[in-house]
Amino acid sequence: MTTDIKVVTSAQEAQGQRVLQEFTVVEEYSVLKQQMTEMCQAWANAKDHLFLFMIPKFEKYDGHGDPIAHLKRYCNQLRGAGRNEELLVAYFGESLTGVASEWFIDQDTSHWHVWDDMAWAFVRQFQYNIDIAPDRNSLSNLKKKPTESLREYAIKWREQAAMDDRELIIVFLQAQETDYFQNMMSVIGKSFSKAIKIGEMVQNGLKTGRIISQAVLKAAT
């Protein structure tokens, strides 16, 4: 009997956690929707509804990471579109790659009458990235791609990290390759924005030769 009660209690707690996660996503999306509305109104007023709109180079979302964070970046990149929801919907596919792009292509867009319909469908599809936020170990193994700048990598990394500032910096350092790790120890105890600036200095030093790469040293010995 006691075992049965524990099983029921555990199931109720799990269900409660799922409900809380779903509520959090809905709440975050509501905030995003309000931010988008305010942003569009501000730009419309500033430009008197006259826009010289140029298609930006979109930051791609590959199906990993926070979908709401991607929507925020996308809307910020397309702020020149003003209130034109047709443009927001029309170019959204250009901001996707990999499994996210495949999902978008497979959708029946006739069901998306307004921007909110498409944005909410996108959030629901990739919500699991929010539900299974990366732990300390996975964050420390999240490495910078050769095609990424230190700033691009750091911003994406930060979006996935949910921890206090002190632990944040330590885990971020652990995720760095040897050249960055050894030359960024001074960021311990500093803010994440300061860590990005120091990281960019290291990146520039490696490019200009002022900092000798460990790979180069090993090759020379």
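As the structure is a prediction and not an experimental result, all values here were calculated from the model. (Residues numbered from 1 in each chain as written. Predicted model: local features only at pLDDT ≥ 70, side-chain atom pairs only at ≥ 80, totals over all residues. Heavy atoms only, no water.)

Visitor: Explain the pattern of salt bridges to me, please; I cannot follow it from the model alone.
Guide: Side chains bearing opposite charge may pair, as long as their charged atoms lie close to each other. For the structure on display, the rule yields three salt bridges. Between arginine 73 and glutamate 59 there is a salt bridge, with its nearest N and O atoms 3.6 Å apart. Taken together, the residues arginine 73 in helix H2 (residues 67-77) and glutamate 59 in the loop between helix H1 (2-47) and H2 connect sequence positions 14 residues apart. The residue arginine 151 makes a salt bridge to glutamate 200 at a minimum N-O spacing of 2.8 Å. Residue arginine 151 is found in helix H8 (residues 150-160), and its partner glutamate 200 is found in helix H11 (residues 192-208); the two are separated by 49 residues along the sequence. A relative accessible area of 37% means that arginine 151 is categorised as partly exposed. Under the relative-accessibility criterion, glutamate 200 is labelled partly exposed at 25%. (Salt bridge = Lys/Arg side-chain N within 4 Å of Asp/Glu carboxyl O. Helix = DSSP H or I, 4+ residues; strand = E, 2+ residues; numbered from the N terminus. Buried < 20%, exposed > 50% of the residue type's maximum accessible area, 1.4 Å probe, protein only.)

Visitor: Help me understand the environment of phenylalanine 122 in this model?
Guide: Structurally, phenylalanine 122 can be placed in helix H5 (residues 115-125). With residues near it in sequence (within four places) discarded, phenylalanine 122 still touches Tyr61, Pro67, His70, Leu71, Phe92, Leu96 and Trp103. (Contact = heavy atoms within 4.5 Å.)

Visitor: Please explain the layout of surface pockets as it appears in this structure.
Guide: Rolled over the atoms, a probe as big as a water molecule pinpoints where empty space is left. For the largest pocket, the calculated volume is near 1000 Å³. Around the largest pocket sit 31 residues that line it, and Asp62, His64, Gly65, Lys156 and Gln160 are the ones nearest its centre. Elements supplying a minimum of two residues to the lining of the largest pocket: H2, helix H6 (128-131) and H8. For the lining of the largest pocket, the element with the highest residue contribution is H8, accounting for seven residues. A breakdown of the residues in the lining of the largest pocket according to their chemical character gives 12 nonpolar, seven polar and 12 charged. (1 Å grid on protein atoms, 1.4 Å probe; cavity = no way out; pocket = protein on both sides within 12 Å on 5 of 7 lines; lining within 4 Å. Points joined across faces, edges and corners; volume = space filled by probe spheres on them. Nonpolar A, V, L, I, M, F, W, Y, C, P; charged D, E, K, R; others polar.)

Visitor: What should I look at first to understand H2 in this one?
Guide: For H2, the tally of buried residues reaches eight of 11 residues, placing the bulk of the element in the interior. Looking at H2, one finds that the buried residues are Pro67, Ile68, Ala69, His70, Leu71, Arg73, Tyr74 and Cys75. Where H2 begins, the side chain of aspartate 66 points an oxygen toward the backbone nitrogen of isoleucine 68, at a separation of 2.9 Å. (Polar contact = N/O pair within 3.5 Å; in protein donor to acceptor, adjacent residues only side chain to side chain.)

Visitor: How do you make sense of H11 when you look at a structure like this?
Guide: Along an α-helix, a turn takes 3.6 residues, which lines up residues three or four apart on a common side. The end-to-end C-alpha separation of H11 is 24 Å, in line with the 24 Å expected for 17 residues at 1.5 Å each. Among the residues of H11, those classed as buried are Phe192, Ala195, Ile196, Ile198, Gly199, Val202, Gln203 and Gly205. Buried positions along H11 lie against H8, helix H9 (165-174) and helix H10 (178-183). Note on H11: the residue one or two positions beyond its end, glycine 209, has a positive phi of about 90°. (Expected span 1.5 Å × (residues − 1).)

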